[in-house]
Amino acid sequence: MSDAPVLDVVVPVYNEEHTLGASVHRLHEHLRQTFPYPFRITVADNASTDTTPLVAAELTRQLPGVVLVQLEQKGRGRALKQVWLASPAPVLAYMDVDLSTDLKALHPLVAPLLSGHSDLAIGTRLGRGANVVRGPKREVISRCYNVILRGTLRARFSDAQCGFKAIRGDVARVVLPLVEDPTWFFDTELLVIAERCGLRIHEVPVDWWDDPDSRVDIVDTVKKDLKGVLRVGRALGRGALPLDEVRRALGREEPQLAGVPRNMVGQLARFAAVGVASTVAYAILYLLLHPVIGAQGANFAALLITAVGNIAANRSFTFGVRGREGAARHHLQGLVVFLLTWALTSGSLTALAAFAPDAGRGIQLAVLVVANLVATITRFLGLRLIFRAATTDKDGAR
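### Here we look at the overall build of the chain
Of regular secondary structure, the chain possesses 12 helices and 9 strands. Every one of the 398 residues in the chain was classed for burial, and the buried ones make up 47%. A sequence separation of at least 24 residues applies to 78% of the contacts in the chain between residues at least 6 apart. A total accessible area of about 19,100 Å² is found for the chain, and carbon and sulfur atoms account for 61% of it.

### A word on unusual backbone geometry
Of note, Ala-47 is a non-glycine position whose phi angle comes to about 60°, a positive value. Here Ala-47 is to be found in the loop between strand S2 (39–46) and helix H2 (52–62). Its identity is not glycine, yet Leu-99 carries a phi of approximately 50°, on the positive side. Residue position: Leu-99 is located in the loop between strand S4 (91–95) and helix H4 (106–115). Using a relative accessible area of 8% as the deciding quantity, one classes Leu-99 as buried.

### Observations concerning a nonpolar patch on the surface
Residues Val-276, Val-280, Ile-284 and Leu-288 make up a contiguous nonpolar surface patch of roughly 390 Å² in combined accessible area. When you line up the elements, Val-280 lands in helix H10 (residues 264–318). Taking relative accessible area as the criterion, Val-280 reaches 46% and is therefore assigned partly exposed.

### A few points about the packing of aromatic side chains
Taken as a whole and judged by the stated rule, the model has 4 aromatic pairs. With 5.7 Å between their ring centres and 75° between their planes, Phe-35 and Tyr-37 make a pair best called edge-to-face. Aromatic pair Tyr-282 and Tyr-286: ring centres 6.1 Å apart, planes at 25°, arrangement stacked. Linking Tyr-282 with Tyr-286, this pair stays in helix H10, spanning 4 residues, or about one helical turn. Considered together, Tyr-282 and Tyr-286 belong to a single accessibility category, that of buried residues. The rings of Trp-84, Tyr-94 and Phe-186 are connected pair by pair, giving a single aromatic cluster. For the cation-ring pair, Lys-74 lies above Tyr-14, with the distance from its terminal atom to the ring centre recorded as 4.2 Å. The ring of Trp-208 is capped by Arg-125, whose NZ or CZ atom sits 4.9 Å from the centre of that ring.

### Quick notes on the side chain of Thr-42
Inspection of the secondary structure assignment puts Thr-42 in strand S2. Among the polar contacts made by the side chain of Thr-42, one reaches the side chain of Asp-8 at a distance of 2.9 Å.

### Focus: the pattern of salt bridges
Enumeration over the complete set of coordinates arrives at 14 salt bridges. In this structure, the salt-bridge partner of Asp-244 is Arg-247, at a minimum N-O distance of 2.3 Å. Residue Asp-244 and its partner Arg-247 are both found in helix H9 (residues 243–250); the two are separated by 3 residues, about one turn of the helix.

### Section: the nonpolar core
Burial of nonpolar side chains together is a common tendency in soluble globular proteins. Formed by 43 residues in total, the largest nonpolar core has its most connected members in Trp-84, Leu-120, Phe-157 and Leu-190. Residue assignment for this core shows that the elements contributing at least two residues are helix H3 (76–86), S4, strand S5 (120–124), helix H5 (136–152), helix H6 (169–175), helix H7 (186–196), helix H8 (218–238) and H9. Per element, the largest residue contribution to this core is 6 residues, and it comes from H7. The residues contacting Leu-120, other than those within four sequence positions of it, are Leu-113, Ala-166, Ile-167, Val-171, Leu-190, Leu-191, Ala-194, Leu-199, Arg-200, Ile-201 and His-202. Judged by nonpolar contacts, the second largest core, of 35 residues, contains Leu-7, Phe-39, Ala-56 and Val-66.

### Things to note about the pairing of strand S7 (residues 164–168)
With 5 of 5 residues buried, S7 lies mostly within the body of the structure. Where burial is concerned, the two faces of S7 agree: the one with Phe-164, Ala-166 and Arg-168 and the one with Lys-165 and Ile-167 are both buried. Where S4 meets S7, 5 bridges bridge the pair, whose relative direction is antiparallel. Residue pairing for S7: Leu-92 is matched across the bridge by Ile-167.

Calculation criteria
Position labels on residues start from 1 in each chain and follow its written sequence. Reporting of local features is limited, given that this is a predicted model, to residues whose pLDDT is at least 70; pairs of side-chain atoms are given and counted only at 80 or more, and all residues count toward the totals for whole chains, interfaces and linings. In computing side-chain properties, one takes all heavy atoms of the structure into account and sets aside hydrogens as well as water. What counts as a helix is a DSSP run of H or I of at least four residues, what counts as a strand is a run of E of at least two, and both are numbered from the N terminus. Type-normalised accessible area, obtained with a 1.4 Å probe on protein chains alone, sets the label of each residue: buried when under 20%, exposed when over 50%, and partly exposed for intermediate values. Two residues qualify as a contact provided that any one of their heavy atoms is within 4.5 Å of a heavy atom in the partner residue. Each accessible area is a Shrake-Rupley result for a 1.4 Å probe, and residues are judged covered by the shown protein chains and nothing else. Two joining distances apply to patches: 9 Å for like charges and 5 Å for nonpolar side chains (Val, Leu, Ile, Met, Phe, Trp, Tyr), and every residue must have over 30% relative accessible area and no salt bridge. By salt bridge we mean one thing: a side-chain nitrogen of Lys or Arg within 4 Å of a carboxyl oxygen of Asp or Glu. A pair of aromatic rings is counted whenever rings of Phe, Tyr or Trp (Trp by its six-membered ring) have centres within 6.5 Å, and the orientation is called stacked for planes under 30 degrees apart, edge-to-face for over 60 and tilted otherwise. Counted as over-ring charges are cases with an Arg CZ or a Lys NZ within 6 Å of the ring centre that also lie within 35 degrees of the ring normal. Here a polar contact means two N or O atoms within 3.5 Å. Within protein one must be a hydrogen donor candidate and the other an acceptor candidate, and residues neighboring in sequence count only if both atoms are side-chain atoms. To define a nonpolar core, start from buried Ala, Val, Leu, Ile, Met, Phe, Trp, Tyr and Cys residues and group those joined through side-chain atoms within 4.5 Å. DSSP calls a pair of strands paired once it identifies at least 2 bridges connecting them.

Following this line, the structure appears as structure tokens:
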């Protein structure tokens, strides 16, 4: 145990004086018997107010390779980030102090990281082969939360919150500075960022037993998690995270997001969905603005407003181009396509005025809707050319 550790297992604790000793002894014995390389167990005390620090200090004297790190503030995420960034071990892991996850899964968790096959590894209670014993309330909350992650952040990992994860040290030093949450959402934020950076996440089905003595405030945790989802979603939408820099630093390629089609048929289907929403918005705006600024003015204003949203939606949703890079140019190019659309619809209004000068707003709106549908093909081909060039430029740069 005098050698530098190959694996550093962090056990975050807060007021765990009754369970810490037995759990660390059990974990230490398991590693001693099954792990063939030097290891370390780091007890990360989150400002406990009971005798947990004293118990941890005694463990450091009893067991070789056990160390204590004391933090002045609570927060599992804060503890993991601090200890992992300071650790010299090439593989970093953590597990809950109650050892709810069967320790037999520890070797399958870290093996892909030791071999270099994967960048992160997570235990999953929702994957095929997992054996989970817990109440229906926690089961429903866990599954609903992961459905939310897939629907909002397009996450592809199966279980965000299982307290059984590992990461390579070199990856941690690059990715962890981007993770902001100091509490329970830390795991989710780390995984979402890693996935968006093209890192490989290995999943291990685990045997897991619910701790009946758990003191986690479920309602408060759910609220904070949903706030975290909103914050990370906004950051990804604005391109505020330097994902390209992380990819370059780790030599990874940009991942294809789940559900973003590359073929024309799939893109056309999404473009049509965006187009339907834009047409509805356009019609509402036109009817609202027509009494104020007339047919031509209402047409131009409604088209301009919906065009900005249409370009942004198609850029991200239809063609999978995200981030700030090139966004201004894409919007400018998209507005050129918009001007062509406006010319087509304005021409239709001019023609209508010439052939049916007494036409009412209903007929005008019908003509404009038809003109917009005719212009849709031109708009789709134009935007596809713009955003296809954007993805090609990225591929060429790599």
